[in-house]
Amino acid sequence: MAEGLRERKMRVARRSMERAAVDLAYEEGVQAVTVDRVCEAAMVSRSTFFNYFSSLDQAIFGSALEYDPALTDRILTQHAHDLVVAASLIVMASVRGQAGDDLTRRRFALFVREPGVTSTVSWGSGVSRDRLVDVLAAWLDAHPEYARLDDANHVAEARVTVGLAIALGDEVQRHAREVDGEFPIDLELIQVVRAQMAAISIQAG
């Protein structure tokens, strides 16, 4: 179905505000961004801004993540023996969005430049987190042989796994390097950080 004029205008307006927010964050840091500055750059009113976004964070980092079933199933199957790594890779792949999109690249660069925003900002609403918990719990229901907890409480296991995956992703991003304008996923680095987490979490005898 072809996009109507009204829909196109709304998409362009939203994109303009998102770009203003991301550009300010990219150039001056996330803390420098305000709603008023975004409105001034995009030439819109505060009321227009809040017609499109529920918060400033949403304009900077985008809406809550949605997880493509084919993508999640492929990653979970490939990394079935370590669902913490799998969940972290799912988030990274989902944040990247469409390849070749400059706004998406700049957003991903913000996650790399300011480690910790994954959990403290973008995940603040809990929606992205809860959706990923649901994905993992459903996958464990279908593949109980990969569950680590003996009580078969797959929702609880999924919650703990997602929490660890966020911590893993935040630490990996501290070491991410830009290559030709992109931030490639470094599986070797992910495994190194994952081993560090495992060493720390082992209870001393």
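Everything quoted here is computed from the prediction, not taken from an experiment.

**Topic: the nonpolar core**
Among soluble globular proteins, nonpolar side chains are generally buried collectively. If you look at the biggest cluster of nonpolar residues, it comprises 55 residues, and the most contacted ones within it are Val38, Phe49, Ile60 and Leu168. Considering each element in turn, this core owes the most residues, 10 residues, to helix α6 (residues 83-96). Not counting residues within four places of it along the chain, the set of residues in contact with Val38 comprises Met17, Ala20, Ala21, Leu24, Val33, Phe49 and Leu56.

**What to know about helix α9 (residues 127-142)**
With 16 residues, α9 should reach 22 Å at 1.5 Å per residue; the first-to-last C-alpha distance of 23 Å fits that figure. Among the residues making up α9, those that are buried are Ser128, Leu132, Val133, Leu136, Ala137, Trp139 and Leu140. The buried residues of α9 all sit within an arc of 165 degrees when viewed along its axis, so they share a single face. For α9, exposure combined with an orientation more than 90 degrees from the buried face picks out Asp134, Asp141 and Ala142. For α9, the elements touching its buried residues are α5 (69-78), α6 and α10 (154-173).

**What to know about the packing of α6 against helix α7 (residues 102-113)**
Where α6 contacts α7, the axes come no closer than 9 Å and their chain directions differ by 140 degrees. It follows from the interaxial angle that α6 and α7 lie oblique. On α7, the residues touching Met92, Val95 and Arg96 of α6 are Thr104, Phe108 and Phe111. Here the contact of α6 with α7 is built from residues that sort into four nonpolar, one polar and one charged.

**A closer look at the pattern of salt bridges**
A complete count under the given rule lists five salt bridges for this structure. The partner of Asp23 in a salt bridge is Arg106, with the nearest N and O atoms 2.8 Å apart. Taken together, the residues Asp23 in helix α1 (residues 5-28) and Arg106 in helix α7 connect sequence positions 83 residues apart. The partner of Asp36 in a salt bridge is Arg46, and the shortest N-O contact between them spans 2.9 Å. Of this pair, Asp36 sits in helix α2 (residues 35-42) while Arg46 sits in helix α3 (residues 46-52), and the two are 10 residues apart along the sequence. Residue Asp36 is classed as partly exposed on the basis of its relative accessible area of 46%. In this structure Arg46 comes out as partly exposed when scored by relative accessible area, which is 44%. Each of Asp23, Glu27 and Arg106 takes part in salt bridges that share partners, so that together they form one network.

The rules we used
- Residues numbered from 1 in each chain as written.
- Predicted model: local features only at pLDDT ≥ 70, side-chain atom pairs only at ≥ 80, totals over all residues.
- Heavy atoms only, no water.
- Core = buried A, V, L, I, M, F, W, Y, C linked by side-chain atoms within 4.5 Å.
- Buried < 20%, exposed > 50% of the residue type's maximum accessible area, 1.4 Å probe, protein only.
- Helix = DSSP H or I, 4+ residues; strand = E, 2+ residues; numbered from the N terminus.
- Contact = heavy atoms within 4.5 Å.
- Expected span 1.5 Å × (residues − 1).
- Arc of directions from axis to C-beta.
- Axes fitted to C-alpha atoms, helices over the stretch in contact; angles between N-to-C directions.
- Parallel < 35°, antiparallel > 145°, perpendicular 65-115°, else oblique.
- Nonpolar A, V, L, I, M, F, W, Y, C, P; charged D, E, K, R; others polar.
- Salt bridge = Lys/Arg side-chain N within 4 Å of Asp/Glu carboxyl O.

As far as function goes, none of this settles anything; it's purely spatial.
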